[in-house]
Every structure is written in structure tokens, then in C-alpha cells.
Amino acid sequence: MFGHERGAFTGAIARKIGRFELANGGTIFLDEIGDIPSELQPKLLRVLQEQEFERLGSTQTLRVNVRVVAATSRDLPQMVASREFRSDLYYRLNVFPVRLPALRERPEDIALLVRHFVDLCARRMKKPVEHIPTEAMESLLNHPWPGNVRELQNFIERAVILSPGKVLRAPLTELKSSDDGPDASGQSAAPKPATLKDAEREHILQALAETNWVVGGPKGAAARLGLQRTTLISKMQKLGISRAQA
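These numbers were taken from a predicted model, which means no experiment stands behind them.

1. Side note on the packing of aromatic side chains
Inference 1: Enumeration according to the criterion identifies 4 aromatic pairs in this entry.
Inference 2: Judged by centre distance (5.5 Å) and plane angle (40°), the rings of Phe-2 and Phe-53 are tilted. Here Phe-2 is found in the segment before strand 1 (3–4), whereas its partner Phe-53 is found in strand 4 (residues 52–54), with 51 residues between them in sequence. An identical accessibility class is assigned to Phe-2 and Phe-53; each is buried.
Inference 3: Summarising the aromatic geometry, the rings of Tyr-90 and Tyr-91 are spaced 4.9 Å apart at their centres and angled 65° between planes, so their arrangement reads as edge-to-face.
Inference 4: For Tyr-90, a relative accessible area of 11% corresponds to the buried category.

The following block contains the structure:
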């Protein structure tokens, strides 16, 4: 990401220009920002805040002017609450958030995507697949697609491979409930809270993380949860929620 100098470590036989330096004056896209290692987070925060960094093995400070676009399939507010992701980095990145709804939240797109991927894969594989059975389309429309568009595309590609003629033979038995399947990040879905108390605690923690632990005020966690400030404080005490324990 930041490059290195020759001899900075074993195997560094030449200077390497980092991504930020290459993107100077333009835009850099950071995919799956939630997976960035904790030791790299303060370095990324510095280049976002101060627009400067050093290559590994160098004492020369470089300045860049880069527009940063970041994406993630993970729940960053929850990661902030569990201290897996720095809150200052999260708020520095969260300047203009754009939420892309999961595929299960826009089922009207599924049929269009299915037909698009069938045509695309059929042309690439030079196969005459044209017809999608009604039963197959209904199953595809009802599946929650925890892996979103990637999962759908891969499933259709596999179906086209298995189709010997003009009719799509989708392996419908492979479709599994999203309760047991992986989410969009490729990890198993997190277990649901066991009790109402656990669910309430998790909901309050998420609101606190999203407001940087500001309880009162028009933009505080209490307002976000639709509670009075004193009521939220009382619930936090009852549930044992404190910033030191988060």
C-alpha cells in the first residue's frame, strides 16, 4: 500500500512504489476495508488525515492528494464496538456512506440478473442455453442469496455448464438457507442473540458505536433509539454496558 525501498527487508531487491503513491492526483479503491490488519489501521488513518506517509525503509516523507473510495461487506459499527476496527479510522472513512442493498432486499433484480448471466455464460461457453424453467426461476427468486450477486453469478455459471441443451438445468438442491450459509464476506453468519436481553444489548451497542458513544443530544444514541437520555443510561447500567467494557 505504501511501497518500500531497496533493502528494506529480505527480498526487497528494488524500490517498489506503493498504491497511494501511484494514485497521487487520482482515486484509490480500497476493497474489503474491514479486513485491514489492526497494525495497518493507524498508518492508513495517517495518510487519510495528513495525506503523508513514508515508504518502508525510508525516512523521506511523501505527500499525496488522493480520493479514497472504500467498500466492505462487514458490519463496521459492530467491529468498532468490539474493538476490531479503530473508531477514528471508521469515522474518517465514513464521510459519504453509500449503502448497497443486499440482493435479498431487491428481489425484483434477480430475474434480470439471472437472464443476463445465462446469456453471458452461454455465449462464452458457446452453448445454446435459452430457456429458464418456471420452477427454476421461482427457486432462484425465493433464495436469500447470502453471497449476493457473486453467489448468483457463480451458481448460474455452474448451471450453464451442467445444461446439455437449450433448457437451463440449475442444480436447485444446492441452494441452502442463508441461516446456515456464508455471508457476503465468505464467513458463516453470526449467531443470533439467544435472548431478548442479548438482542437489546446488541442493539444499544450498535447505536453507541455509530454515534461514537455520544448518549444525549439530537445526534446521540438515545435519539437514534427513540429513548430519553436518562432511560438509555438506566438500560446501559442494567445491561452492564460501559465504554471500557465494549
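Having seen the model, we can carry on.
2. Focus on a nonpolar patch on the surface
Inference 1: A cluster of nonpolar side chains, namely Val-95, Phe-96 and Val-98, defines an oily patch on the protein surface of about 390 Å² accessible area.
Inference 2: Tracing the backbone through its elements, the reader meets Val-98 in the loop between helix 4 (87–93) and helix 5 (110–125).

3. Comments concerning the side chain of Glu-5
Inference 1: Locating Glu-5 in the fold gives a position in the loop between strand 1 and strand 2 (16–17).
Inference 2: At 2.8 Å, the side chain of Glu-5 forms a polar contact with the side chain of Arg-55.
Inference 3: Those residues in contact with Glu-5 that sit more than four places away from it in its chain are Ala-12, Ala-14, Arg-15, Arg-55, Leu-56, Gly-57 and Ser-58.

4. Some details on the pattern of salt bridges
Inference 1: Scanning all chains against the criterion turns up 13 salt bridges.
Inference 2: Where Arg-46 meets Glu-52, a salt bridge forms, and the shortest distance between an N and an O atom there is 3.1 Å.
Inference 3: Note that Arg-46 is salt-bridged to Glu-54, the shortest N-O span being 2.8 Å.
Inference 4: Look at Arg-46 and you get partly exposed, because its relative accessible area is 28%.

5. Regarding the environment of Lys-16
Inference 1: Tracing the chain through its elements places Lys-16 in strand 2.
Inference 2: Lys-16 sits 44 residues away from Gln-60 along the chain, and the two C-alpha atoms are 14 Å apart.
Inference 3: Excluding its chain neighbours within four sequence positions, the residues that come into contact with Lys-16 are Gly-3, His-4 and Arg-55.

6. Re the environment of Leu-120
Inference 1: Within the secondary structure, Leu-120 sits in helix 5.
Inference 2: By relative accessible area, which is 29% here, Leu-120 ends up partly exposed.
Inference 3: For the pair Leu-120 and Arg-104, spaced 16 residues apart in sequence, the C-alpha to C-alpha distance is 22 Å.

7. Quick look at the layout of surface pockets
A water-sized probe, rolled over the atoms, reveals where empty space remains.
Inference 1: What the second largest pocket holds in volume is close to 340 Å³.
Inference 2: Around the second largest pocket, the lining is made up of 19 residues, and of these Met-1, Phe-2, Gly-3, Glu-54 and Leu-56 lie nearest the centre.
Inference 3: Counting only elements with at least two residues in the lining of the second largest pocket, the list comes to strand 1, strand 2, helix 1 (19–22), helix 2 (41–50) and strand 4.
Inference 4: Across the lining of the second largest pocket, the residue classes break down as 9 nonpolar, 3 polar and 7 charged.

8. With respect to the side chain of Asn-148
Inference 1: Relative to the elements of secondary structure, Asn-148 occurs in helix 7 (residues 148–162).
Inference 2: Residue classification places Asn-148 among the buried residues on the basis of a relative accessible area of 19%.
Inference 3: Here Leu-103 takes part through its backbone nitrogen, which lies 2.9 Å from a polar atom of the side chain of Asn-148.

9. A short note on the environment of Gly-7
Inference 1: With respect to the helices, strands and loops of the structure, Gly-7 is situated in the loop between strand 1 and strand 2.
Inference 2: Along the chain, Gly-7 and Gln-41 lie 34 residues apart, while their C-alpha atoms are 24 Å from each other.

10. Quick word on the pairing of strand 3 (residues 27–30)
Inference 1: Only one face of strand 3 is buried: it carries Ile-28 and Leu-30, and the other face, with Thr-27 and Phe-29, is open.
Inference 2: As defined by bridge partners, strand 3 adjoins strand 6 (residues 67–70) across 4 bridges and the pair is classed as parallel. Opposite Leu-30, over in strand 6, you have Ala-70 as the bridge partner.

11. Some remarks on helix 5
Inference 1: Spanning 16 residues, helix 5 covers 22 Å between terminal C-alpha atoms, matching the ideal 22 Å at 1.5 Å per step.
Inference 2: Structurally, helix 5 contributes buried residues whose contacts are with helix 6 (134–142) and helix 7.
Inference 3: After helix 5 finishes, the residue Lys-126 shows a positive phi value of roughly 55°.

Quick notes on the rules
- Residues numbered from 1 in each chain as written.
- Predicted model: local features only at pLDDT ≥ 70, side-chain atom pairs only at ≥ 80, totals over all residues.
- Heavy atoms only, no water.
- Phe/Tyr/Trp six-rings, centres within 6.5 Å; stacked < 30°, edge-to-face > 60°.
- Helix = DSSP H or I, 4+ residues; strand = E, 2+ residues; numbered from the N terminus.
- Buried < 20%, exposed > 50% of the residue type's maximum accessible area, 1.4 Å probe, protein only.
- Patch = residues over 30% accessible without salt bridge, like charges linked within 9 Å, V, L, I, M, F, W, Y side chains within 5 Å.
- Areas by Shrake-Rupley, 256 points an atom, 1.4 Å probe, with all protein chains shown as cover.
- Salt bridge = Lys/Arg side-chain N within 4 Å of Asp/Glu carboxyl O.
- Polar contact = N/O pair within 3.5 Å; in protein donor to acceptor, adjacent residues only side chain to side chain.
- Contact = heavy atoms within 4.5 Å.
- 1 Å grid on protein atoms, 1.4 Å probe; cavity = no way out; pocket = protein on both sides within 12 Å on 5 of 7 lines; lining within 4 Å.
- Points joined across faces, edges and corners; volume = space filled by probe spheres on them.
- Nonpolar A, V, L, I, M, F, W, Y, C, P; charged D, E, K, R; others polar.
- Pairing = 2+ DSSP bridges.
- Expected span 1.5 Å × (residues − 1).

Scope: geometric values only; no functional claims are made or implied.
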